[in-house]
Amino acid sequence: MSVDVAAGGLLRVVPSAVYAGRSRVLVERATHAYRHTWLALVSGFFEPLFYLVALGAGLRGLVGTVTGPGGTPLSYPAFLAPALLASSAMNGAVFDSTVNVFFRLKYNKLYEAILATSLGPLDVALGEITWALLRGGLYSAGFLVVMAGLGLTASPWAVAILPAALVIALGFAAVGMAVTTFVRGFQDLDIVQFALLPMFLFSGSFYGLDVYPRWLQFVVECLPLQHGIALLRALNVGAISPGLLGHLAYFAVMAVGGLALTTVRLERLLLR
Amino acid sequence: MVAPEQEPAAAAPVLIAARGLTKRFGDLVAVAGIDFEVRRGEAFGFLGPNGAGKSSTMRMIGCVAPATSGELRILGLDPQRYGPRIRARLGVVPQQDTLDLELTVRENLYIYGRYFGLPREGLRAKVDELLRFAQLSDRANAKVEPLSGGMKRRLTIARSLVNDPEILLLDEPTTGLDPQARHVLWDRLYRLKQSGVTLVLTTHYMDEAEQLCDRLVVMDGGRIVAEGAPAALIAEHSTREVAELRFEPGGSAGAVERLAGVLSGAGERVEVLPDRVLLYVEDGEGAVVSALDAGLRPLSTLVRRSTLEDVFLRLTGRSLVD
């Protein structure tokens, strides 16, 4: 697993008090924990599927053919599906890194217990984010299989949607966990959910951004989900361009920044 | 867990050494420059009222809180530089249980061992052994939440032993437990001590300190105000016996004057509470007779040996500090 490769590299630059190089133990813990609540895991797979069936099939006749990235003509479900996949990668990662992490941080006192062992805060941050990522990846893989089965994949490049979805999940999980270290109560978490819904609705999930006036397009283009949707939609039709690297860079910055901030915050909260 | 020969405490190597150890949170001084040493195989206690600095000291020993100043060596190592290496050899029982509510009893032990990097194979047998030690084998596959307070505490102690620690840190191990559960825990801790584990504990139960500790320090306001073996502390800071004379509330007024002639030996003293008069004396029965001769008419009398509680109240006062 790539986590171990990353672990070797990080060990050389980060002091051992922060990082013991055993973040995968937290993933092992999560696999045990979710054996008891597997239903919660499965539900995340069906959410985008319901959207796809309800909106894709429902609006298909009304909308007809739409123009995808690079001018590719697409059926409406094929236009919609990558956006739903990007959103579900986001939702899965954010839910795990906010609600679940908050519970473990404040009520379960899990991280307090872990930091009394020989693990460090970066092990915790990296392990929890890796788990959120794996969970998001499972959903993405399942949804991609459904897309392929329904004939909604439009080019061989669609295979690259899976790793791209993992990058999206990684960015959101890292930032989500960093935000969670500032959260004071469950009310604050409601604000997070409240911010996600409009982002899902207005980031071009259901239509292209060209329906907006220019200034609004600019605002939406600053939002992370829009980059995820644009990335997956382009990969689906095989419209490969250097601009895709810009989308990836956006998520790389989220991942590195979120991870660093989480580590510092956990240290400040639990090791003082 | 095989019991090695107990070394005499004075000859055993020093595992924890603190000099001028200080912890500040902003303007608040939690620990104000304390010195102490803990030797291998000892059971060492920190006693003190709430806010005395016990837990802050324990967190510094546990390498989860940096000292503001002063010197601390644990197992010969500096916690600032070698925190994870030291923690790998410590067992920690925090004041509040931090059990993993998302896992079963067995998984709590198993995963905790994995946090220390213990290999899976050996760990399974270890977990079974710890389940027996904690008397939780029949609850192995239950979730943690429905367990009783005593069971959770036993599980926390079992969990702290998963890495075969050389030093076990227990922060108020039996607070909130019923007498049965406390005695079971004391029994388990006593066994650990017999097997050579060094125990460092905080408590504000004097009977617990007398039962478990070879040596202890009394802390108050971030400082160490007394140090020694329980019996030595009693000998030094209290008298052999205490005579308690109980009155109606307010009925003890004027007792001091009347008792002036009762006290004879060195260190003997009288303490007047609203409903009680305590006579700290060598001969309790004799003091009661003298008090009655002096004209006191208590509702009831009780003569008992001095306890650590007398020492504690003498040193840290009776007023409530929250």
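Everything numeric here is computed off the predicted structure, so don't read it as measured data.

Q: Honestly, the domain arrangement of chain B in this entry has me stumped. Any pointers?
A: Interface size is often expressed as the accessible area that is lost when the parts come together. Residues and elements named next belong to chain B. We note that the domain assignment places domain 1 (14–234) and domain 2 (236–316) within chain B. Placing a centre on the C-alpha atoms of domain 1 and another on those of domain 2 gives a separation of 37 Å. Taken together, the contact between domain 1 and domain 2 spans 16 residues of the former and twelve residues of the latter. A buried area of about 1100 Å², summed over both sides, lies between domain 1 and domain 2, and 72% of it is on carbon and sulfur atoms. Broken down residue by residue, the surface that domain 1 buries against domain 2 is led by M206, L233 and I234, which jointly contribute 50%. The interface formed by domain 1 and domain 2 includes zero salt bridges. Here domain 1 is connected to domain 2 by seven residue pairs in polar contact (both at pLDDT 80 or more). Of all elements in the fold, only α7 (206–212), β8 (215–220), β9 (223–228) and α8 (230–237) reach the threshold of two or more residues within the side of domain 1 that touches domain 2. Looking at the side of domain 1 that touches domain 2 residue by residue, the classes come out as 13 nonpolar, one polar and two charged.

Q: Help me understand the confidence of the model for chain A, please; the structure alone is not making it clear to me.
A: Parts of the prediction with low pLDDT should not have their coordinates interpreted in detail. All names here are of chain A. Averaged over every residue, the pLDDT of chain A is 89; the share at 70 or more is 95%. Mean pLDDT across the elements of chain A ranges from a minimum in helix α1 (residues 2–13), with 56, to a maximum in helix α10 (residues 224–237), with 96. pLDDT under 50 marks residues 1–5. Its contacts with residues more than four places away, or in other chains, come to four contacts.

Q: Where do I start with the side chain of S140 of chain A in this structure?
A: Relative to the helices and strands, S140 of chain A is located in helix α6 (residues 121–149). In this view, S140 of chain A contacts L85, A89, L162 and A165 of chain A; residues no more than four positions away in its chain are not counted.

Q: I keep staring at the packing of aromatic side chains and nothing clicks. Help me out?
A: Here the distance between the centres and the angle between the planes together describe a pair of aromatic rings. Evaluated as defined, the whole model comprises 17 aromatic pairs over all chains. Between the aromatic rings of Y112 of chain B and Y115 of chain B, the centroid separation amounts to 5.9 Å while the plane-to-plane angle is 70 degrees, which identifies the pairing as edge-to-face. Within this pair, Y112 of chain B and its partner Y115 of chain B are both found in helix α3 (residues 105–115), separated by three residues, close to a single helical turn. Of the residues examined, Y112 of chain B reaches a relative accessible area of 5% and is grouped as buried. On the basis of relative accessible area, Y115 of chain B is assigned to the buried category, the value being 2%. Ring-pair connections join several aromatic residues into one group, and the members of that group are F45, F46 and F50 of chain A. Between R269 of chain B and the ring centre of Y280 of chain B, over which it is positioned, the NZ or CZ distance is 3.9 Å.

Q: Sorry, what's going on with the pairing of strand β3 (residues 43–47) of chain B here?
A: Within a regular strand, the side chains alternate between the two sheet faces. Residues and elements named next belong to chain B. β3 sits mainly inside the fold: five of its five residues count as buried. Here β3 shows a buried face lined by A43, G45 and L47 and a second buried face lined by F44 and F46. Two strands pair when backbone bridges link them, and β3 and strand β7 (residues 198–203) are joined in this way by five bridges, in the parallel orientation. Within the sheet, the bridge partner assigned to F44 lies in β7 and is V200. Sheet analysis places β3 next to β8, joined by four bridges and oriented parallel. In the sheet register, F44 faces β8, and the bridge partner there is R215.

The rules behind each value
Residues numbered from 1 in each chain as written. Chains lettered and ligands numbered in written order. Predicted model: local features only at pLDDT ≥ 70, side-chain atom pairs only at ≥ 80, totals over all residues. Heavy atoms only, no water. Domains from an automatic or database assignment. Contact = heavy atoms within 4.5 Å. Buried area = accessible area lost by both parts, 1.4 Å probe. Salt bridge = Lys/Arg side-chain N within 4 Å of Asp/Glu carboxyl O. Polar contact = N/O pair within 3.5 Å; in protein donor to acceptor, adjacent residues only side chain to side chain. Helix = DSSP H or I, 4+ residues; strand = E, 2+ residues; numbered from the N terminus. Nonpolar A, V, L, I, M, F, W, Y, C, P; charged D, E, K, R; others polar. pLDDT = per-residue confidence, 0-100. Phe/Tyr/Trp six-rings, centres within 6.5 Å; stacked < 30°, edge-to-face > 60°. Buried < 20%, exposed > 50% of the residue type's maximum accessible area, 1.4 Å probe, protein only. Lys NZ or Arg CZ within 6 Å of the ring centre and 35° of its normal. Pairing = 2+ DSSP bridges.

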